[in-house]
Amino acid sequence: MTLSQQTIEQLAEYLENAELQAHEVVKITEAHPDMDWDDAYAIQAEILRRKLARGKRVVGLKAGLTSRGKMKQMGVETPVFGWLVDYFSVPDGGEIETARLIHPKVEPEIVFVTKRALKGPGCHIGAVLAATDFVMPGIEIIDSRYKDFKFDLKSVIADNCSSSRFVLGGQAAPVAGLDLRTLGVVLEKNGEPVAIGAGAAVLGHPAAAIAALANHLGARGEEIPAGTMILSGGVTEAVSVAAGDNVSLRIQSLGSVSTRFV
Ligand code: OOG
Ligand code: MG
């Protein structure tokens, strides 16, 4: 850690205000080039502390930057982890108020729900599959608070990995009998396919993203509790959206999910 508690609190307020007021800000590493990863996660945790103090609840976790497409698009190499709170959740087919967001993008995700706790270090895809209750399709709406959606890893971690909204599809599939690597993923905007991929784009196997999250939390003495919903990371690069757009996601064997930007 290189930042004081006071600076961590100031940066958390700066980033949370940008989210709540839907305005973009200069990335925090400009003023704090020496901040480290622990500082970044401490700012992220402080934003969550502020929300919990206002009565918000955590409803899920996420891994991000887990696919080549995403890493290449954002110019970074390492997965990142964040949290999802209650008001991020949008029902399947529901509307998203674009004016409340800055410059939203959508990405197709394979979503896990656990039935047993997962703890690192040493968590692997076998443990993840054994602890998975079911998987579902999910659209994540990311909305970096940084100018032009450009950032470095520490800045994006502090900004809770651009988290903004998510939409879950209603069909819950058990993982037994599914090969998550070869599941086809088609993201459509206004009826046109705009991003196409398969599960293996996410770290070779989407369960590896969940194992990486368990190992990240394990290094901090924490675990993924039973019954946790987790976004495993965009399968393809993210696609910009604007008011008027309809977005739907189809994942082979997992059904579909959609949302509208108004
Ligand atoms: C960071 C968040 C990435 C994913 O699935 O890769 C993410 C970003 O690209 O803004 O949620
Ligand atoms: Mg994502």
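The structure contained in this document is the topic of the report that follows. (Residues numbered from 1 in each chain as written. Chains lettered and ligands numbered in written order. Predicted model: local features only at pLDDT ≥ 70, side-chain atom pairs only at ≥ 80, totals over all residues. Heavy atoms only, no water.)

1. Brief notes about the coordination of the magnesium ion (ligand 2)
1) Next: Around the magnesium ion (ligand 2), the protein supplies Glu107 (OE), Glu109 (OE) and Glu140 (OE) as donor atoms, at distances of 2.0 Å.
2) Next: Counting residues between consecutive donors of the magnesium ion (ligand 2) along the chain gives the motif E-x1-E-x30-E. A single burial state applies to Glu107 and to Glu109, both of which are buried. (Donors = N, O, S within 2.8 Å, 3.2 Å for Na, K, Ca; no water. Buried < 20%, exposed > 50% of the residue type's maximum accessible area, 1.4 Å probe, protein only.)

2. A short note on the pattern of salt bridges
1) Next: A full pass over the atoms with the stated rule returns 17 salt bridges.
2) Next: The closest approach of N and O atoms between Arg54 and Glu16, which form a salt bridge, is 2.6 Å. One end of the pair, Arg54, is in the loop between helix H2 (37-53) and strand S1 (58-64); the other, Glu16, is in helix H1 (residues 5-21), with 38 residues separating them in the sequence.
3) Next: Residue Glu16 is classed as buried on the basis of its relative accessible area, which comes to 0%.
4) Next: What you see here is one network of salt bridges that share partners, running through Glu16, Glu19, Arg50, Lys51 and Arg54. (Salt bridge = Lys/Arg side-chain N within 4 Å of Asp/Glu carboxyl O. Helix = DSSP H or I, 4+ residues; strand = E, 2+ residues; numbered from the N terminus.)

3. Observations concerning the layout of surface pockets
1) Next: Reported here for the largest pocket is a volume of approximately 400 Å³.
2) Next: What lines the largest pocket is a set of 18 residues, and nearest its centre among them are Gln44, Trp83, His216, Leu217 and Glu222.
3) Next: For the lining of the largest pocket, the secondary-structure elements that each account for two or more residues are H2, S1, strand S2 (80-85) and helix H6 (206-218).
4) Next: Sorting elements by how many residues they give to the lining of the largest pocket places H2 first, with six residues.
5) Next: The calculated volume of the second largest pocket comes to roughly 240 Å³.
6) Next: Around the second largest pocket, the lining is made up of 14 residues, and of these Glu19, Tyr87, Arg100, Leu101 and Arg165 lie nearest the centre.
7) Next: Mapped onto the lining of the second largest pocket, the elements with two or more residues apiece are H1, strand S4 (95-96) and strand S7 (163-168).
8) Next: Taken together, the residues that form the lining of the second largest pocket break down as five nonpolar, two polar and seven charged. (1 Å grid on protein atoms, 1.4 Å probe; cavity = no way out; pocket = protein on both sides within 12 Å on 5 of 7 lines; lining within 4 Å. Points joined across faces, edges and corners; volume = space filled by probe spheres on them. Nonpolar A, V, L, I, M, F, W, Y, C, P; charged D, E, K, R; others polar.)

4. Let's talk about the packing of aromatic side chains
1) Next: This model, assessed by the stated rule, comprises three aromatic pairs.
2) Next: For the pair Trp83 and Phe88, a centre-to-centre distance of 6.3 Å together with 20° between the ring planes defines the contact as stacked. Like Phe88, Trp83 is buried.
3) Next: Look at Phe149 and Phe151: their rings are 6.4 Å apart centre to centre, the planes differ by 45°, and that puts the pair in the tilted class.
4) Next: The buried category is assigned to Phe151, whose relative accessible area is 11%. (Phe/Tyr/Trp six-rings, centres within 6.5 Å; stacked < 30°, edge-to-face > 60°.)

5. Observations regarding the environment of Val80
1) Next: Among the structural elements, Val80 can be located in strand S2.
2) Next: Note on Val80: relative accessible area 1%, which makes it buried.
3) Next: For the pair Val80 and Lys154, spaced 74 residues apart in the sequence, the C-alpha separation amounts to 9.4 Å.
4) Next: Look past the residues within four positions of Val80 in its chain and what remains in contact with it is Tyr41, Lys62, Ala63, Gly64, Leu65, Leu153, Ile157 and Cys161. (Contact = heavy atoms within 4.5 Å.)

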